[in-house]
Amino acid sequence: MPELPEVETIRADLSDCLLGRKIISCQVTRAGILRGPVKIYRQLLVGAKVKAVERRGKLLLLRLSNDYTLAIHLKMTGQIVVVSPTGDRVGGHPIKGVSQVPNRFTHVTLTLTGKVKLYFNDVRRFGYWLLVLNSDLPKLLRNYGPEPLSPNFTVQQLAAKLKRRRGSSIKAALLDQTVVAGIGNIYADESLFVAGVQPDRRAGELLEEEIKKLHQAVKTVLRRAVRARGTSFNSYVDGRGRRGTYWERRLVYGRQNEPCLRCGRLISKTRIAGRGTHYCQHCQK
DNA sequence: CACTTGACCTGTCCGC
DNA sequence: TGCGGACAGGTCAAGT
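Quick notes on the rules
Residues numbered from 1 in each chain as written. Chains lettered and ligands numbered in written order. Predicted model: local features only at pLDDT ≥ 70, side-chain atom pairs only at ≥ 80, totals over all residues. Heavy atoms only, no water. Core = buried A, V, L, I, M, F, W, Y, C linked by side-chain atoms within 4.5 Å. Buried < 20%, exposed > 50% of the residue type's maximum accessible area, 1.4 Å probe, protein only. Contact = heavy atoms within 4.5 Å. Near = heavy atom within 4 Å. Polar contact = N/O pair within 3.5 Å; in protein donor to acceptor, adjacent residues only side chain to side chain. Salt bridge = Lys/Arg side-chain N within 4 Å of Asp/Glu carboxyl O. Helix = DSSP H or I, 4+ residues; strand = E, 2+ residues; numbered from the N terminus. Pairing = 2+ DSSP bridges. Axes fitted to C-alpha atoms, helices over the stretch in contact; angles between N-to-C directions.

Asks: Mind showing me how you'd approach the nonpolar core here?
Replies: If you look at the biggest cluster of nonpolar residues, it comprises 42 residues, and the most contacted ones within it are Leu14, Leu18, Leu45, Leu60, Ile72, Ile80 and Trp129. Those residues in contact with Leu14 that sit more than four places away from it in its chain are Leu19, Val53, Leu60, Leu62, Ile80 and Val82. Residues Ala159, Val180, Leu192 and Tyr253 belong to the second largest nonpolar core, which totals 30 residues.

Here it is as structure tokens:
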């Protein structure tokens with residue numbers, strides 16, 4: 001469930017904690033997380049410095065001082081938590097109660113200079129680490145649509161992409177990473193509510209005016225969620241093991257049978273595009 | 001090509 | 001208290 005706001009929050013935390021540090025050791029307790037032989041990963045990671053921490057969609061990118069980039073996908077339950085022996089040098093706050101590390105879901109541990117530890121935890125083990133040669137990076141990122149919080153994300157180009165779709169719903173379109181990068185189930189529902197658009201509307205049939213509203217809604221919702229440091233209602237924690245607060249501000253997601261914050265009628269839950277989908281029948285047309 | 005479905009996993013919750 | 005089953009949803013491969 002880490003979507004763009006959660007991954008962006010982690011990116012910023014890792015950037016604060018890791019920039020310029022050298023990886024001293026790499027301990028792997030579940031090899032399946034790494035897309036490739038453990039031995040190769042150790043060879044390439046140990047000795048490398050972290051030059052930059054970037055994000056594309058929901059993919060985290062650690063640019064290393066060699067010719068490689070470590071791409072990390074958290075999928076649904078992946079966590080990255082960084083701690084130092086004292087707790088405050090790196091993050092400001094030690095982990096307390098929210099996510100003790102390491103634990104039985106810790107699959108990879110990096111030790112960096114300054115005794116800083118990076119733990120990768122993942123209950124469901126859908127997440128992965130992928131070391132990719134920098135020259136191969138464009139190939140990996142080719143399938144991502146525009147970053148919704150960058151100027152590359154325009155109404156015109158969103159409209160063009162939606163028009164090309166035939167039968168599928170606008171909800172499915174928002175979840176499609178080639179349409180726009182970084183939206184998942186939570187922020188798709190939130191954006192559609194803000195735009196006043198029913199999630200099961202055919203994507204190709206939205207009016208220009210509605211596309212405009214949706215384009216704006218996506219940006220508004222994602223910005224608000226980044227400011228709240230993401231949504232924690234299950235396993236998500238930021239790079240320092242802390243929770244985000246967007247859950248407390250959510251408009252429709254997980255609010256089925258509760259009153260719509262706009263009209264007071266009850267929020268509905270149904271299944272669209274194979275996902276639990278929350279919306280207001282009255283406010284969303 | 002457009003689109004849908006199933007697989008990958010395991011913790012949590014609900015009904016019996 | 002325990003147990004079976006539904007459910008959570010990001011992505012990719014396979015199927016329609």
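Following the structure, the description resumes.
Asks: Whenever I open this one, the protein's contact with DNA strand B confuses me. Can you help?
Replies: Taken together, Arg104, Phe105, Val123, Arg124, Arg125, Phe126, Arg165, Arg166, Gly167 and Ser168 make up the full set of residues adjacent to DNA strand B. Of what DNA strand B places within 4 Å of the protein, 70% of the atoms are sugar or phosphate. Contacts to DNA strand B include Arg125, whose side-chain N or O atom sits 2.4 Å from a phosphate oxygen. The separation between a phosphate oxygen of DNA strand B and a polar main-chain atom of Gly167 is 2.8 Å.

Asks: Help me out: how do you make sense of the pattern of salt bridges in this one?
Replies: Side chains carrying opposite charge are able to pair once their charged atoms draw close together. The final tally for this structure, using the stated rule, is 14 salt bridges. With its nearest N and O atoms 2.9 Å apart, the salt bridge here joins Arg55 to Glu147. Here the residue Arg55 occupies a position in strand β2 (residues 50-56), and Glu147 occupies one in the loop between α3 (137-141) and α4 (155-164), the gap between them amounting to 92 residues. Each member of the pair Arg55 and Glu147 is classed as buried. Among the charged side chains, a salt-bridge network with shared partners connects Asp13, Asp16, Arg229, Asp238, Arg240 and Arg242.

Asks: I keep staring at the sheet that holds β2 and nothing clicks. Help me out?
Replies: In sheet architecture, strand pairing relies on hydrogen bonds along the backbone and comes in two forms, parallel and antiparallel. Strand order in this open sheet of 4 strands is β2-β3-β4-β8, and the pairing throughout is antiparallel. Among the strands making up the open sheet, the edge pair consists of β2 and β8 (128-133). Neighbouring strand axes in the sheet, compared pairwise and without regard to direction, differ in orientation by 20° on average. Strands in contact with helix α1 (residues 4-18) are β2 and β3 (59-64); relative to β2, the strand with the most contacts, it is inclined by about 175°.

Asks: Sorry, what's going on with the side chain of Thr9 here?
Replies: Relative to the helices and strands, Thr9 resides in helix α1. Those residues in contact with Thr9 that lie beyond four places of it in its chain are Val226, Arg229, Gly230, Tyr236 and Asp238.

Asks: Is there a simple way to think about the protein's contact with DNA strand C in this case?
Replies: Inspection of the region around DNA strand C gives 16 residues, with His73, Met76, Phe126, Tyr253 and Lys269 positioned closest. The sugar-phosphate portion of DNA strand C accounts for 51% of its atoms within 4 Å of the protein, the bases making up the rest. Lys58 is positioned such that a nitrogen or oxygen atom in its side chain is 3.0 Å from a phosphate oxygen of DNA strand C. Between DNA strand C and the protein, one listed contact pairs a phosphate oxygen with a side-chain N or O atom of Tyr253 at 2.3 Å.

Asks: For this particular structure, what's the right way to read the pairing of strand β6 (residues 106-112)?
Replies: A regular strand carries its side chains on alternate faces of the sheet. Most of β6 sits out of view: 7 of its 7 residues are buried. Here strand β1 (residues 23-28) pairs with β6 via 5 bridges, running antiparallel. Counted as the bridge partner of Val28 is Val108 from β6. When β6 meets strand β7 (residues 116-122), the two strands line up antiparallel, connected through 6 bridges. Residue pairing in the sheet places Thr109 in a bridge with Tyr119 of β7. With antiparallel pairing between neighbouring strands as the criterion, β6 and β7 make up a hairpin whose turn holds 3 residues, including Gly114 at a positive phi of roughly 80°.

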